[in-house]
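# Working through the structure, step by step
So you can see what is in the structure, the chains are spelled out below.
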There are 2 protein chains.
Amino acid sequence: MLREDVTEAIRAAVFEELASVGYARMSIEGIARRAGVGKTAVYRRWRSKLHLVLDIVSALAVQGLPAPDTGSLEDDLRLLYEVTSRALRHPLASQILPDLQAEAARNPDMAEAVQKALRDGQEGVASKILVAAEQRGEIRAGHDDELALDLISGPLYWRSVVIRSPKLPKGYLGALARATAEAIKAL
Amino acid sequence: MLREDVTEAIRAAVFEELASVGYARMSIEGIARRAGVGKTAVYRRWRSKLHLVLDIVSALAVQGLPAPDTGSLEDDLRLLYEVTSRALRHPLASQILPDLQAEAARNPDMAEAVQKALRDGQEGVASKILVAAEQRGEIRAGHDDELALDLISGPLYWRSVVIRSPKLPKGYLGALARATAEAIKAL
DNA sequence: TCACGACGGAACGGTCCCGTCCCACCGGAC
DNA sequence: GTCCGGTGGGACGGGACCGTTCCGTCGTGA
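First things first, this report covers the structure right here in the doc.

Thresholds applied
Residues numbered from 1 in each chain as written. Chains lettered and ligands numbered in written order. Predicted model: local features only at pLDDT ≥ 70, side-chain atom pairs only at ≥ 80, totals over all residues. Heavy atoms only, no water. Axes fitted to C-alpha atoms, helices over the stretch in contact; angles between N-to-C directions. Helix = DSSP H or I, 4+ residues; strand = E, 2+ residues; numbered from the N terminus. Parallel < 35°, antiparallel > 145°, perpendicular 65-115°, else oblique. Left-handed = near helix turned anticlockwise from the far one by under 90°. Contact = heavy atoms within 4.5 Å. Nonpolar A, V, L, I, M, F, W, Y, C, P; charged D, E, K, R; others polar. Buried area = accessible area lost by both parts, 1.4 Å probe. Salt bridge = Lys/Arg side-chain N within 4 Å of Asp/Glu carboxyl O. Polar contact = N/O pair within 3.5 Å; in protein donor to acceptor, adjacent residues only side chain to side chain. 1 Å grid on protein atoms, 1.4 Å probe; cavity = no way out; pocket = protein on both sides within 12 Å on 5 of 7 lines; lining within 4 Å. Points joined across faces, edges and corners; volume = space filled by probe spheres on them.

All names here are of chain B. For the pair helix H1 (residues 4-21) and helix H2 (residues 28-35), interaxial distance at closest approach is 8 Å and the crossing angle is 120°. Accordingly, the angle class assigned to the pair H1 and H2 is oblique. Crossing angle aside, the handedness with which H1 passes H2 is right-handed. Mapping the contact onto sequence places Ala-9, Ile-10, Ala-13, Val-14, Glu-16, Glu-17 and Ser-20 in H1 and Gly-30, Ile-31, Arg-34 and Ala-35 in H2. In terms of residue class, the contact of H1 with H2 is made up of 6 nonpolar, 2 polar and 3 charged.

This is the structure in structure tokens:
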């Protein structure tokens, strides 16, 4: 019964509001205003701001990304970094991510949704890359998998989101992939 | 003329408010309430919430931490990680950090203050460790220093703040230091 | 002893948002 | 052609803060 175009307009407005003012400052009124929609239309679909955002974040998690499989750990990492780096360059992502993360530090439901989204995205791909390298015998089995995941995901996130470096120097991703592959092989 | 104990009570209240509700939701009224102080006392010292928080964050940046100097890159990193890890275990830090970071994504002044605090803290120590290792000939000169800094700081931040792992398995920091040292030597 | 200034507290008008309710409208199903 | 339900819009009482202003109190330095 609910009109799908209205629903979609609301979803889009949430993304924009999230990016421009953040979760805490975001209001239902503001979302409806930006979507060109009555508050009623929003409340008819979601009970609260939290439900609304949780629903959207959870929807993001569903998209299972294909893992690269070049036959070499370093090249797999390189490809992963290029995809991730391009995603993080979007202002939408780099504004929203730390915001959701800050909210997750306070709200267990939000934390669960964000972690699930991470696991299905970045961490999932990284994990597949690791398993492939292990089967290939390129890295040792039995090491701390979580540590390896941290080594893979940490540096680029730190650089892009924490340090907030506007753009990466040429050759950065390649050098990062090489260094990370070395680190994991040394585990 | 302003009473120092009142000023200190306000500063402490800001930390607590920041940790419990976050920057965006934090209000001057709430701070004054928690500090057991009139709003007047706050406005007499700072013009706005932003000035207040910027002042406090900037004050944090001043504390120059001593860099470890064991004569080995891996051991230096290990010590750095132990200090950092202990700091991040404090709920205060791990709640406030992502929050300030999210705010920094929207406010250039906040971004500058946070980056300065980082540079004077974590990044500063890491940088000194790198220079020492370079002089020792343990790592090559002329590589991308910023990449090395990302390799050092990224993984532990990712694990502690993003993944929000409650506690690290035994031996994690040691293995991380070893792997990171390998990665940097491979640059 | 006295004056000054910072203090906590309370109130001000104003703004924004909450969640609910009611309205007139309109498009699709029957 | 007539309903019916979602729609945008607007109004609602209530609540939280804003930043300012005014109190009466209290400590301190002259």
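Now, onward.
Across the boundary between the two partners, chain B contributes 49 residues, which contact 49 residues of chain A. Between chain B and chain A, the buried area comes to about 4,000 Å², and carbon and sulfur atoms account for 58% of it. The interface formed by chain B and chain A holds 8 salt bridges in total. Across the pair Arg-159 of chain B and Glu-146 of chain A runs a salt bridge whose closest N-O atoms are separated by 3.1 Å. Where chain B packs against chain A, one counts 20 residue pairs in polar contact (both at pLDDT 80 or more).

This brings us to empty space enclosed by the protein. Summed over all chains, the structure comprises 4 cavities of 30 Å³ or more. If you add up the space inside the largest cavity, you get close to 160 Å³. As for the largest cavity, its lining consists of 18 residues, of which Ala-24, Asp-99 and Ala-102 of chain A together with Ala-24 and Asp-99 of chain B are closest to the centre. Among the secondary structure elements, those contributing two or more residues to the lining of the largest cavity are helix H6 (91-104) of chain A together with helix H6 (91-104) of chain B.

Any functional reading would require information that these geometric values do not contain.
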